[in-house]
Amino acid sequence: MKTIMPEDAQIVHDIEQTFKTKYNSSPSLFCSPGRINLIGEHTDYNNGLVLPAAIDKYIILAIAPREDNEVHIFSQDYQDSYITSLTHIQVSGKLWPDYIMGVIDEIQKLDKKVRGVNIVFGGNIPQGAGLSSSAAVECATAYALNSLFGLDLNSLELAKISQAAENEFVGVKCGLMDQFASTFGKENKLIRLDCETYEYKYIPFDTNDYSLILFDTQVKHSLASSAYNERRQQCEYGVQLIQKHHPEVRSLRQASLEMLDKFVKPQDEITYNRCEYIVREIKRVEDSCIDLLGANYSQFGKRMFQTHAGLRDQYEVSCEELDFLVDHVKDYPEVLGARMMGGGFGGCTINLIENKAMDKIADNTAKAYSQTMGKSMKIYPVSIVDGTRMLIKKGE
Ligand code: GLA
């Protein structure tokens, strides 16, 4: 199992200390990683395939049960508290507590018994960068409550509870990818997840010559969540158009390019573009897994560029900052692939680059980004790690 790195060890220590000072007792400690996605973007809510992995950036959650029904939470990053009761769960009005309260709410809906808790949490997953820090908070909470109160929920149930918290309580209609990756992550493995059947396979990703690096645009355009929900609706509309002729088609997973040509294209060009991107992207994930299993990284890299083009031109969820970063790296022979990652309208690009050229390309890209876009870019080298887990049990 991947050990916690020194920088993370400091965060764990600080959170534990804050807990002891605030609540005058010792907590159990849990950690939950952020995620990247190699390929398969916007396919999760279309019952398609995705290929994410957990990364070495974490949310750390310290927790201990209380004798009463109250929930006391302290956010180390915001230096802010929130106190409520299990019998009065409602949206907080300040967002950060909602990821935790949403999970508690979902668990209570299942008639599982939890008691009050004291919590301190924080971490080093950059927020708003598309690395799923919110999913990590949800997954850490679900995992922690499950082990604290012996709720007997399995990992898939924990990931789904975390997704439901985001859908119902926070109000973002995301798919399962982020929560699944955070929960099921495995060191040096990608997760090929089938979002229709929840079957998953680990695909080895231990390249010696290439590494993954993220370039963070440091922008998050306000369109992001409304456009996300709109894309979902457009895909559902495409399915409805097909269903009139093929009632067996439940989602774009069962749709073919021929069906789109015949039944969607004549009705609505935009819907057609959205759906065509998805159908091709699902196939690209399948093909990518074959590339990766055969260690054909250059072929895989080409597919990353194709995904970016589809997200930019057909799905229309990119933005000029993301396009700039992908355009800038594409002519380096040492760059195998690059694309925008996650929901879009900001956040990071993911790049597969030869190790020997990594520093040079990262430096050049950062300079070019600041000269042309007038903004600074952040650089995150990432490694692939295990998913949500307990670090320290109270009393140990
Ligand atoms: C966000 C959502 C995920 C997924 C991606 C796009 O990260 O939370 O469920 O839809 O966007 O692939």
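Residues numbered from 1 in each chain as written. Predicted model: local features only at pLDDT ≥ 70, side-chain atom pairs only at ≥ 80, totals over all residues. Heavy atoms only, no water.

> Hey, could you run me through the overall build of the protein chain in this one?
Counting its regular elements, the protein chain contains eleven helices and 13 strands. Relative to the 2.2 N^0.38 estimate, which gives 21 Å for 396 residues, the radius of gyration of the protein chain is 21 Å and therefore close to what a compact globule would have. C-alpha extents for the protein chain along the principal axes are approximately 60 × 55 × 40 Å. In the protein chain, which comprises 396 residues, the proportion classed as buried is 59%. Here the analysis covers contacts within the protein chain between residues at least 6 apart in sequence; of these, 72% occur between residues at least 24 apart. Carbon and sulfur atoms provide 46% of the accessible area of the protein chain, an area that totals close to 16400 Å². (Helix = DSSP H or I, 4+ residues; strand = E, 2+ residues; numbered from the N terminus. Rg over C-alpha atoms; globule rule 2.2 N^0.38 Å. Buried < 20%, exposed > 50% of the residue type's maximum accessible area, 1.4 Å probe, protein only. Contact = heavy atoms within 4.5 Å. Areas by Shrake-Rupley, 256 points an atom, 1.4 Å probe, with all protein chains shown as cover.)

> Got a minute to help me understand the sheet that holds strand 9 (residues 210–220) in this structure?
What holds strands together in a sheet is hydrogen bonding between their backbones, with the strands either parallel or antiparallel. Spatial strand order, 10-11-9-12: four strands in an open sheet with antiparallel pairing. In this open sheet, the two edge strands, each paired with only one partner strand, are strand 10 (335–340) and strand 12 (378–381). Each adjacent strand pair in this sheet contributes to an overall mean axis angle of 20°, direction not counted. Alignment of strand 9 against strand 12, held across four bridges, turns out to be antiparallel. Opposite Asp 216, over in strand 12, you have Lys 378 as the bridge partner. (Pairing = 2+ DSSP bridges. Axes fitted to C-alpha atoms, helices over the stretch in contact; angles between N-to-C directions.)

> Is there a simple way to think about the pairing of strand 11 (residues 346–354) in this case?
Remember that side chains alternate between the two faces of the sheet whenever the strand is regular. Across the nine residues that make up strand 11, a large majority, eight, are buried. Relative to strand 11, strand 9 runs antiparallel, the two being bridged by eight bridges. Paired with Ser 211 across the bridge in strand 11 is Ile 353. In the sheet, strand 10 pairs with strand 11 via five bridges, with the strands oriented antiparallel.

> When you look at the site of the ligand in this model, what are you seeing that I'm missing?
All residues in the neighbourhood of the ligand are listed as Arg 35, Glu 41, His 42, Asp 44, Tyr 45, Cys 174, Gly 175, Met 177, Asp 178, Tyr 228, Gly 342 and Gly 343. Glu 41 places a side-chain nitrogen or oxygen 2.6 Å from an oxygen atom of the ligand. Contact distances for the ligand include 2.6 Å between an oxygen atom and a side-chain N or O atom of Tyr 228. Starting from 310 Å² of accessible surface for the ligand in isolation, the protein chains cover 91%. (Near = heavy atom within 4 Å. Polar contact = N/O pair within 3.5 Å; in protein donor to acceptor, adjacent residues only side chain to side chain.)

> Just to check I follow, could you spell out the pattern of salt bridges for this structure?
Under the criterion given, the structure shown has 22 salt bridges. Salt-bridge contacts for Asp 178 lead to Arg 35; the nearest nitrogen and oxygen are separated by 2.7 Å. With a gap of 143 residues between them, Asp 178 in helix 5 (residues 177–184) and Arg 35 in strand 1 (residues 28–37) connect regions that are remote in the sequence. You'll find Asp 178 and Arg 35 in the same group, each marked buried. Its salt-bridge partner being Glu 106, residue Lys 109 comes within 2.8 Å of it at the nearest N-O pair. One end of the pair is Lys 109 and the other is Glu 106, both in helix 2 (residues 98–109) and three residues apart, which spans about a single turn. The exposure class assigned to Glu 106 is buried, which follows from its relative accessible area of 11%. (Salt bridge = Lys/Arg side-chain N within 4 Å of Asp/Glu carboxyl O.)

> What is the right way to read the environment of Pro 33 from this model?
Mapped onto the secondary structure, Pro 33 falls in strand 1. Taking relative accessible area as the criterion, Pro 33 reaches 0% and is therefore assigned buried. Sequence separation between Pro 33 and Ile 104 is 71 residues, and the spatial gap between their C-alpha atoms is 20 Å.

> Explain the packing of aromatic side chains here, please?
Think of a pair of aromatic rings as described by two things: how far the centres are apart, and how the planes are tilted against each other in angle. Across all of its chains, the model carries 13 aromatic pairs by this definition. Positioned above the aromatic ring of Phe 74 is the side chain of Lys 22, whose terminal nitrogen or guanidinium carbon lies 4.4 Å from the ring centre. Directly above the ring of Tyr 202 sits Lys 186, whose terminal nitrogen or CZ lies 5.3 Å from the centroid. (Phe/Tyr/Trp six-rings, centres within 6.5 Å; stacked < 30°, edge-to-face > 60°. Lys NZ or Arg CZ within 6 Å of the ring centre and 35° of its normal.)

> Please clarify how the sheet that holds strand 5 (residues 80–85) should be interpreted in this entry.
Strand order in the open sheet formed by six strands is 5-4-6-3-1-13, with mixed pairing between adjacent strands. The two strands at the open ends of the sheet, each matched to only one other strand, are strand 5 and strand 13 (389–392). Sheet twist, expressed as the mean angle between neighbouring strand axes with direction ignored, is 25°. Bridging between strand 1 and strand 3 (residues 52–65) involves ten bridges; their strand directions are antiparallel. Among the inter-strand pairings, Cys 31 is bridged to a residue of strand 3, identified as Ile 60.

> Explanation requested: the pairing of strand 8 (residues 200–204) in the structure shown.
Note: strand 7 (residues 189–194) against strand 8, five bridges, orientation antiparallel. Directly across from Leu 190, in strand 8, lies its bridge partner Ile 203. Remark: five residues form the turn of the hairpin made by strand 7 and strand 8, two consecutive strands paired antiparallel; Tyr 198 in that turn has positive phi of roughly 65°.

> Just checking my understanding: could you explain the packing of helix 6 (residues 224–243) against helix 8 (residues 269–293) for this structure?
Describing two packed helices takes the angle between their axes plus the distance from one axis to the other. One can describe the packing of helix 6 onto helix 8 by two numbers: an axis separation of 9 Å at closest approach and a directional angle of 95°. Between helix 6 and helix 8, the interaxial angle falls into the category roughly perpendicular. Where helix 6 abuts helix 8, its residues Arg 231, Gln 234, Cys 235, Tyr 237 and Gly 238 lie against Ile 270, Thr 271, Arg 274, Cys 275 and Ile 278. Residues that form the contact of helix 6 with helix 8 fall into these classes: five nonpolar, three polar and two charged. (Parallel < 35°, antiparallel > 145°, perpendicular 65-115°, else oblique. Nonpolar A, V, L, I, M, F, W, Y, C, P; charged D, E, K, R; others polar.)

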